[in-house]
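Inside the fold
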Amino acid sequence: MSTLNPLDPLLKIYSDTESVRLSSGTPIADRVVTDIFAYTEKLTQRVVLREDCLQTSWKDNIDKIVISRVFGYPLMLLLLGTVFWLTIAGANVPSAMIASVLFAFQDVLTHWFQLVQAPAWLHGVLVLGMYRTLAWVTAVMLPPMAIFFPLFTLLEDLGYLPRVAFNLDNMFKKANACGKQCLTMCMGFGCNAAGVVAARIIDSPRERLIAILTNNFVPCNGRFPTLIAIASIFMASTLFLSQSLLAAGMITLLVLLGVAFTFAVSWTLSKTILKGEPSSLVLELPPYRLPKVGAVFYRSLIDRTIFVLRRALVVAAPAGALTWILANVYIGNVSVIAYIAGVLDPIAKAIGLDGFILMAFILGLPANEIVVPILLMSYLSTGQLTEFNSLFELKKVLLANGWTWLTAFNTMLFALLHWPCATTLLSMYKETGSKKWTFMGFIIPTVIAFSVCFIIAQAAYLLGLV
Amino acid sequence: MKLKLGDHSNAPNDHSRVMREQFGIRTTGEQYVIALAGNPNVGKSTVFNALTGLHQHTGNWPGKTVDNAQGHYSYRNKSFLLVDLPGTYSLLAHSVEEEIARDFICFGQPDATIVVLDATSLERNLNLALQVMEISSKVIICVNLIDEARKKKLSINFGELEKELGVPIVPTAARNGEGLSDLQKAVYSMVVEKKKTWPKQIPYSEEVEQAISALLPKVEALSLASLVNPKWLALRLLDSDVSFIETISRYAATQPQKTVASQRQGGEFIL
Amino acid sequence: MKMLSVPLSTLKLGEKSNVVHLNVIGLLRRRILDLGIVPGTVLTCIGKAPAGDPIAYLVRGAVIALRSEDASLIVVEQV
């Protein structure tokens, strides 16, 4: 597809030399490369001296365990579970601290509004809606992200992540995908948009697309609060384990479910609309290196703080304002929010949710982390997040609104499987350059979420389990 | 005296700026543009981060979905813009990353290129350094991870290496900050003080040399020959994809015609 | 003793070999060459994934992993 004049003198020489390029059995190109390496080999022998020949360091032996048949997989699961546990448990205290500071400031804001005698609706929109949601989202999102991303970067700098790709490549090959997809999935745990961008490490466009389309099945940090909250309150009461350990266990199980869906959908895609031959894997396993923990945390903290705050300001704050407005504007004697929830209720009930939950997910399109605030604000029909620092209060609200085990379970499933957030969809569009594939990235999870929840809900109803 | 591709410091300033803007590089005032190349996993980002600190931002290369990180640092009152090229094993292969690295080094006219190597893996890493040296004489080789090399009880004769390769060799352990000021000094020397280099030319086998000699007369007859090292061009005609040849032709078409005499720039090439 | 030419994928853990010939084509060929796997290069099999595939090889001081079907296209003689 040359845009140049075919009579271009340079191109003419190029086509004339075709025979030279392909002569003598091995293409000249190979000879050129061989010559370069012959030179570097000799040069290196001259200038590099190994003082202790044949001494293998303990680092060389790490791989014997990491990729072994016996320890390889369990080690991966253990590390994954540990990262989750650290993210969840480690975030508790900072979240509570940030929440108390920001919520305390809300009282200051309220005081100012009273001072200038601002109308109640303005206070409602700006403080109760916008600011409150912004505060909640920052308190809930910043600590886990500030822990997860540095941990992930540490594993990357350590050199461990290529070993994960190495161990799992076989499974991905069976789904006609690339082993490096697991790295995009790992990134997706932090943020699905980041996971989509990370798919650049996959060379084959077909396999890259599979990684992009399925990244959503890995729950991102934005969905953790939803999953943790529900898991904690509905499971903790029945077992005697510590809440954070249980929550971590629940999350790990859901994640594994998401991984299972990833494989299933990848396999299906490569058998249907993304058919093609598996491409080759050429993966370098770098030596293990101790990373500079301080530098990694410092850089990650700054990057993540900026990201979370920006999203909170751009997405969460307006969403909070909108929700407050919808909850406090009435059609007849029903708030707009209750009205919409009522319209959605039949569909929602069919899949084991209720109208408010479905609406919260829909309104949560801009960012997954606002689903819970929106849900709570709509349940509490004053459209305001009341004080509840304990999840116990949350449970009361949910139970009071008709939540059963099915609601909890299906909400978690829906949270895991549903459409990607707007940032992720935008990233998909930027990376693929295609409206068609971005739409596929939206429709595939949506259809799966509805179908799976429908089947489970109907089965539960039929069997009289609810 | 033939000029190498990329050595256009005598070219008008605004022309360089235009070229760079095609790559999404925007310089402020008298900023020197330094390209940072290297294999994946050699600690290139560590070098980049160590030199630029928080004065960096990441975007995309124009029209491509590949990360482009740029950052700047100051040394002796001069400002240097560091462009972190995608990690590549070679400039000869055909992935988007390798194309970007190659196109920028060849046509982006950086004031200098730092090639970062892994001290524990020199044999493989030198491949890229030698290829860059074929394109430009303004190359600095940064041998990173020397702390890892020490742990592996490897000792490298940097003096001998520098003598053989003819370009500055700077050992670093960017993680610990070792060698970074030497690197900045070497960059300063090269772009501000215009210190000369004599990059080693790759000794090819007879088969290749013969093919080059056969092509050379045809290549030298081209008008393109005044802009580009004919030997390099002959080699690329022998081993590249047609798309790269087209890229070269397109680049040549945007350059103003020059006489050979006005293109002298330090550095002799041992042909 | 005549050296047998075998596919790289048949190498067992710890075995060393010299590259004789590359049957790989296309993009994979370029990648393999750029990593320094050219005729005459020494390759050592140093690890296999839990499922037996991919396989990790020591190449000029670095470790590169290949899928067995790709490794089978590289012809080596055992050392």
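The structure under discussion appears in the preceding block.
All of these numbers come straight from a predicted model, not from anything done at the bench.

Some words on the overall build of chain A
Scanning chain A from N- to C-terminus turns up 20 helices and four strands. Relative to its full complement of 466 residues, chain A shows a buried share of 45%. Pairs at least 24 residues apart make up 73% of the contacts formed inside chain A by residues separated by at least 6 positions.

Some thoughts on the sheet that holds strand S2 (residues 56-60) of chain B
All names here are of chain B. Pairing in this open sheet of seven strands is mixed, and the strands run S2-S3-S4-S1-S5-S6-S8 from one edge to the other. Each edge of the open sheet is held by one strand with a lone partner, namely S2 and strand S8 (169-171). Each strand axis lies, on average, 25 degrees off the axis of its neighbour in the sheet, ignoring direction. Sheet topology note: the strand S6 (residues 139-144)/S8 ladder contains three bridges and is parallel. Its bridge partner lying in S8, Val143 is registered against Pro171.

What about unusual backbone geometry?
Here Asp53(C) and Pro54(C) are connected by a cis peptide whose omega angle stands at 5 degrees. Residue placement: Pro54(C) occurs in the loop between strand S3 (42-48) and strand S4 (55-59). One non-glycine residue with positive phi stands out, namely Gln117(A), at about 55 degrees. Of note, Gln117(A) is situated in the loop between helix H5 (72-115) and helix H6 (120-158). At Asn176(A), a residue that is not glycine, the phi angle is positive and equals roughly 60 degrees. On the secondary structure map, Asn176(A) appears in the loop between helix H7 (161-174) and helix H8 (181-190). In this structure Asn176(A) comes out as buried when scored by C-beta crowding, with 20 C-beta atoms within 10 Å.

Here's the deal with the environment of Ser72(C)
All names here are of chain C. By secondary structure assignment, the location of Ser72 is in the loop between helix H2 (68-71) and strand S6 (74-78). By C-beta crowding, Ser72 is classed as partly exposed, having 16 other C-beta atoms within 10 Å. Spatially, the C-alpha atom of Ser72 lies 17 Å from that of Gly14, the residues being 58 residues apart in sequence. Once you skip the residues sitting within four places of it in the chain, Ser72 turns out to touch Pro7, Leu8 and Ser9.

Regarding helix H10 (residues 205-214) of chain A
Taken across its 10 residues, H10(A) has eight buried, putting it largely inside the fold. For H10(A), the set of buried residues is Glu207(A), Arg208(A), Leu209(A), Ile210(A), Ala211(A), Ile212(A), Leu213(A) and Thr214(A).

Things to note about the packing of helix H8 (residues 206-220) of chain B against helix H9 (residues 230-239) of chain B
All names here are of chain B. Where H8 contacts H9, the two axes come as close as 9 Å, and the packing angle between them is 115 degrees. Relative to H9, H8 is oriented roughly perpendicular. Note on packing geometry: the crossing formed by H8 with H9 is right-handed. Two secondary-structure elements touch here, H8 through Ala211, Ile212, Leu215, Leu216, Val219 and Glu220 and H9 through Pro230, Lys231, Leu233, Ala234, Leu235, Leu237 and Leu238. For the contact of H8 with H9, a count of residues per class yields 11 nonpolar, no polar and two charged.

Reading the values: rules and limits
Residues numbered from 1 in each chain as written. Chains lettered and ligands numbered in written order. Predicted model: local features only at pLDDT ≥ 70, side-chain atom pairs only at ≥ 80, totals over all residues. Helix = DSSP H or I, 4+ residues; strand = E, 2+ residues; numbered from the N terminus. Buried ≥ 20, exposed ≤ 12 C-beta atoms within 10 Å, placed from the backbone. Contact = placed C-beta atoms within 7 Å. Pairing = 2+ DSSP bridges. Axes fitted to C-alpha atoms, helices over the stretch in contact; angles between N-to-C directions. Parallel < 35°, antiparallel > 145°, perpendicular 65-115°, else oblique. Left-handed = near helix turned anticlockwise from the far one by under 90°. Nonpolar A, V, L, I, M, F, W, Y, C, P; charged D, E, K, R; others polar.

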